[in-house]
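Read off the chains here:
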Amino acid sequence: MKKSNRIKAVSQAEINDAGESLTIGIDLGDRRSHICVLNRTGEILREEDISTSPHSFENYFKTVPSALVAVEVGMHSRWASRVLHECGHEVIVANASKVKLIFSNDQKNDRVDARSLARLARVDRRLLCPIRHRSEDAQAALSVLRARDSLVRARTRIINCVRGLVKPTGVRLPASNAEGFSSRVNEYIPTTLRPAVALLLEEIQVLSDTIGVYDQYVEHLVATRFQHARLLQQIPGVGSLTALAFVLTLDDPWRFSKSRQVGCYLGLRPRQDQSGERDLQLGISKGGDEFLRRLLVNAAHYILGHFGPDSDLRRWGLKIAERGGRKAKKRAVAAVARKLSVLLHRLWVTGEVYDPFYKSRAVAA
């Protein structure tokens, strides 16, 4: 006969008897979450689904003895980890994108993911690449920046739509910044397209006004609640938006023992694929926060651009770009963004005044 893989039902008394030797893996879904409970020897005691809500989690886990619980980072991991902590459990928030057993499994489902989380946490929690959530205050302020970014992206899409609608008529709209686009191009719109484009131009102006309100609020946050972000604005190309995003994303500067770790944290370090004599040159890992990484790359473009003031950082980046090659400029921008993140963290923890030629003076001395 074929052996059944079904897990036998375990009573709550048996769960309680296992004591603090329990390891629990939870695959958080949008509506239902799958739970896998392991005992000390790694045998599965219970597998079941519960509703993904704070109330259901509290009712379920307050009856379970103190255990090691592993969850994946995601939309619900912030409140789930908080509820689990309040119920007396030790929580590991796993970065599943770095765990190939979960992220790249060809037999991926909720039950298998919950089992994998529990077994990895039982063997060595470092295999899950644990992360730490930001504070509630930092997350709320960062939501303001992300909301503004959504509006900027929406405005860019509408501007591109207007240009795309007009170009087939043979009219090329003049160059303009996003804030003054509506008034700048209005007279160039063909009469036949005005019914289609007029409302889009009005929407662009409304979005620009709303983005301006967000910009004022960002300045207010820097001036009142996150004043240490002003230290980072000493570097040309780093405005209040980039400085505040850096402070809010890292949240606690002392979580890094060395400033060089920040570049790796933000996904700005080169990927590695080395085996024996082979050592390929690859692009950056892109494993960190995409929003902050994009802001740092924009700042790096300014530093290396025509309007970037002279500094050690600019000279170093231009030397990389002068090496030539098809991707020399991209490598230079990524390298400057990585070094910029290290420099920003250093200014934050030391509170020093930024010296653009600090290294040159040190070498000369």
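Data block above holds the structure.
The model shown is predicted, which means the values in this text are computed figures rather than measured ones.

## Describing empty space enclosed by the protein
(1) Moving on: Overall, the coordinates contain 1 cavity of 30 Å³ or more when judged by the stated rule.
(2) Moving on: Lining the largest cavity are Ile235, Pro236, Ile303, Pro309, Ser311, Leu313 and Tyr354.
(3) Moving on: Tallied by class, residues from the lining of the largest cavity come to 6 nonpolar, 1 polar and no charged.

## Topic: unusual backbone geometry
(1) Moving on: If you check the backbone angles, Asp251 has positive phi at about 65 degrees while not being a glycine.
(2) Moving on: You can see Asp251 is positioned in the loop between helix H9 (240-250) and helix H10 (261-265).

## Observations concerning helix H11 (residues 290-304)
(1) Moving on: In this model H11 runs 21 Å from its N-terminal to its C-terminal C-alpha over 15 residues, within 8% of the 21 Å that 1.5 Å per residue would give.
(2) Moving on: For H11, the full list of buried residues reads Phe291, Leu292, Arg293, Leu295, Leu296, Ala299, Ala300, Ile303 and Leu304.
(3) Moving on: Contact partners of the buried residues in H11: helix H6 (136-166), H9, helix H12 (312-321) and helix H13 (328-350).
(4) Moving on: Its side-chain oxygen placed 3.3 Å from the backbone nitrogen of Phe291, Asp289 serves as the N-cap of H11.

## A look at the environment of Pro270
(1) Moving on: One can find Pro270 in the loop between H10 and strand E7 (274-275).
(2) Moving on: C-alpha of Pro270 to C-alpha of Ser285: the two residues are 15 residues apart in sequence and 5.8 Å apart in space.
(3) Moving on: When sequence neighbours within four positions are dropped, the list of residues in contact with Pro270 reads Leu282, Gly283, Ile284 and Arg338.

Analysis parameters
Residues numbered from 1 in each chain as written. Predicted model: local features only at pLDDT ≥ 70, side-chain atom pairs only at ≥ 80, totals over all residues. Heavy atoms only, no water. 1 Å grid on protein atoms, 1.4 Å probe; cavity = no way out; pocket = protein on both sides within 12 Å on 5 of 7 lines; lining within 4 Å. Points joined across faces, edges and corners; volume = space filled by probe spheres on them. Nonpolar A, V, L, I, M, F, W, Y, C, P; charged D, E, K, R; others polar. Helix = DSSP H or I, 4+ residues; strand = E, 2+ residues; numbered from the N terminus. Expected span 1.5 Å × (residues − 1). Buried < 20%, exposed > 50% of the residue type's maximum accessible area, 1.4 Å probe, protein only. Contact = heavy atoms within 4.5 Å. Polar contact = N/O pair within 3.5 Å; in protein donor to acceptor, adjacent residues only side chain to side chain.

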